[in-house]
Amino acid sequence: MQKNVKIIRKEKKSRKHFFVIPVLIVGVIFTVCGIKFKDNKNVFFSYSANKKDNYEIILKDNNLYNENILPPDSYYASKSIKNCILNFVYDFKANNTVNIDYSYDITAQLVGSFNMAEEKKDIWNKEFILLDKVENSCKNTSDFSIDENVKLDYGYYRKLVELYKDTYEINIDAVLKVRLNVYYNLENLEVKDERVEDYIELDIPITNTVTNIEENYEKNLYKEIGRNNNFGNICIIIGGAFILLGAVILLAYLLDRLNLKTVEEKYNKKIKDIENYYRELLVDIKSMPNLDGLNIIEVLSLNDLINLAQQSKKCILHYKVERKYESKLYVLIEDNVYTCKIKA
């Protein structure tokens, strides 16, 4: 007569797939660091330019103002202006000595526009040279400066605009764009033929009844010259490899969890693994052993059953259930029989 079944302990589930998480974390860390440092350069030369302007508004003779010179950063009655004295300052500085060939000029551009379908269209453009090109060259220096003034006859440009209106009978808006154009080449042992074109531009409305002078340029220029740092790219490659490895392992785990193998394939694999590793302990039997009068102890862990067999120096009886993908393993120790089922 069979006695009560006793369970020794449950088999612990495999947690090997959990190491995918740290692999992915390492991959993400390397990738983020790589992206952060990807565009970093080993800077060996840098330069900057500080740009400024100033101006004075000279009025026509009149009895309405206490002074004939008005300060900058204000609005002015257009018909009251005689001249505009504009000042441009360009200060260049480098972090190391360099050979500099530089030149500059001052130009003006009178741009006439017309409102068409609620959009301004430029229809007239006339250029002027206010200061001919000035050229200079410096050896082994880290800076140079330009400080130039130009005097504008404001009334002259207003008359040109009025002439255009009368000639073509088009009521245009006009702006005078006055610009200091700066060009220079930089060269030393590390920098080869670095060409720079820069400018300071002031825009002066001509046709408005009230006018002002507007700055139209970036106040500062800064540039670094260096070699690309490959550290970021290396980190991205390493991070990508870790992420790919983690993804492959995770995919394999998910495919296994989805049970894509047939029941027969899974069962045969389990039995084959047992036979490969524990062949010396395993004895195949064709019929179930007689268990009457024995204590039947069900062991849910194959490892526990194998340990029992090894410690007691007993063999493991292997019985394959007919027409089922199932095996039963037995270890007989005195009045006890320890059994474990193998299923797909």
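Chemist: Would you mind going over the overall build of the chain with me for this structure?
Modeler: Helix and strand counts for the chain come out as five helices and 16 strands. Residues counted as buried form 36% of the 344 residues belonging to the chain. Long-range pairs, those at least 24 residues apart, make up 74% of the contacts in the chain between residues at least 6 apart in sequence. Entry remark: accessible area of the chain is about 22,300 Å², with carbon and sulfur atoms responsible for 51%.

Chemist: What exactly am I supposed to notice about the packing of aromatic side chains here?
Modeler: For any pair of aromatic rings, the description rests on two quantities: the centre-to-centre distance and the angle between the ring planes. All told, the structure shown has 15 aromatic pairs when counted by the stated rule. Ring geometry for phenylalanine 92 against phenylalanine 144: centres 5.0 Å apart, planes inclined by 20°, an arrangement best described as stacked. Residue phenylalanine 92 is located in strand β5 (residues 81–116), and its partner phenylalanine 144 is located in strand β6 (residues 119–153); the two are separated by 52 residues in the primary sequence. Per residue, the accessibility class of phenylalanine 92 equals that of phenylalanine 144, and both read buried.

Chemist: Help me understand the pattern of salt bridges, please; the structure alone is not making it clear to me.
Modeler: Side-chain pairs of opposite charge can arise where the charged atoms are in close proximity. As enumerated under the stated definition, the model contains 14 salt bridges in all. Residues arginine 195 and aspartate 193 are paired through a salt bridge, measuring 3.2 Å at the closest nitrogen-oxygen approach. We classify arginine 195 as exposed; its relative accessible area is 59%. Aspartate 193 gets classed as partly exposed once you look at its relative accessible area, which sits at 39%. As a salt-bridge pair, aspartate 273 and lysine 269 come within 3.2 Å of each other at their nearest N and O atoms. Taken together, the residues aspartate 273 and lysine 269, both in helix α4 (residues 263–277) and four residues apart, mark about one turn of the helix. A relative accessible area of 44% means that lysine 269 is categorised as partly exposed. A network of salt bridges, in which partner residues are shared, links Lys177, Arg179, Glu201 and Asp203.

Chemist: Could you clarify how one ought to interpret the nonpolar core in this entry?
Modeler: Grouped together as the largest cluster of nonpolar side chains are 52 residues, with contacts concentrated most on Leu86, Tyr90 and Tyr184. Where this core is concerned, the elements lending two or more residues are β2 (41–59), β5, β6, α2 (154–168), β7 (173–187) and β8 (194–205). Residue contacts for tyrosine 184: discarding those within four places in its chain leaves Tyr47, Ala49, Tyr90, Phe92, Ile100, Asp101, Tyr102, Phe144, Glu194, Arg195, Val196 and Leu221.

Chemist: Is there a simple way to explain α2 in this structure?
Modeler: In an α-helix, one full turn covers 3.6 residues, which means residues spaced three or four apart are oriented alike. End to end, α2 covers 22 Å across 15 residues, agreeing with the expected 21 Å (1.5 Å per residue, within 8%). Turning to α2, its buried residues number three or more, namely Tyr154, Gly155, Tyr157, Arg158, Leu160, Val161, Tyr164 and Lys165. Where α2 is buried, its residues meet β5, β6, β7, β8 and β9 (210–211).

Chemist: Quick question: what am I supposed to make of the pairing of strand β14 (residues 316–320) here?
Modeler: With four of five residues buried, β14 lies mostly within the body of the structure. Sheet topology places strand β12 (residues 282–285) next to β14; four bridges connect them, and they run parallel. Counted as the bridge partner of aspartate 284 is histidine 318 from β14. In this sheet, strand β15 (residues 326–333) lies alongside β14 in antiparallel orientation, the contact comprising four bridges. Bridge pairing in β15 places tyrosine 319 opposite lysine 328. Here β14 hands over to β15 after five residues, with arginine 323 in that stretch at a positive phi of 55°.

Chemist: What's the story with the pairing of β5 in this structure? I'm lost.
Modeler: In the sheet, β5 pairs with β6 via 28 bridges, with the strands oriented antiparallel. Note that in β6 the partner of leucine 110 across the bridge is lysine 126. Count of turn residues in the β5/β6 antiparallel hairpin: two residues, of which alanine 117 carries a positive phi of about 55°. Where β5 and β7 come together, 15 bridges link them in antiparallel fashion.

Chemist: What is the right way to read the confidence of the model for the chain from this model?
Modeler: Low-confidence regions, as indicated by low pLDDT, have predicted coordinates that should not be scrutinised in detail. Per-residue confidence for the chain averages 86 on the pLDDT scale, and 89% of its residues sit at or above 70. Within the chain, no element has a lower average pLDDT than strand β1 (residues 6–7), which sits at 45, and none a higher one than β7, at 97. The model gives residues 1–14 a pLDDT under 50, and that stretch makes 26 contacts with residues more than four places away or in other chains.

Scoring rules and cut-offs
- Residues numbered from 1 in each chain as written.
- Predicted model: local features only at pLDDT ≥ 70, side-chain atom pairs only at ≥ 80, totals over all residues.
- Heavy atoms only, no water.
- Helix = DSSP H or I, 4+ residues; strand = E, 2+ residues; numbered from the N terminus.
- Buried < 20%, exposed > 50% of the residue type's maximum accessible area, 1.4 Å probe, protein only.
- Contact = heavy atoms within 4.5 Å.
- Areas by Shrake-Rupley, 256 points an atom, 1.4 Å probe, with all protein chains shown as cover.
- Phe/Tyr/Trp six-rings, centres within 6.5 Å; stacked < 30°, edge-to-face > 60°.
- Salt bridge = Lys/Arg side-chain N within 4 Å of Asp/Glu carboxyl O.
- Core = buried A, V, L, I, M, F, W, Y, C linked by side-chain atoms within 4.5 Å.
- Expected span 1.5 Å × (residues − 1).
- Pairing = 2+ DSSP bridges.
- pLDDT = per-residue confidence, 0-100.

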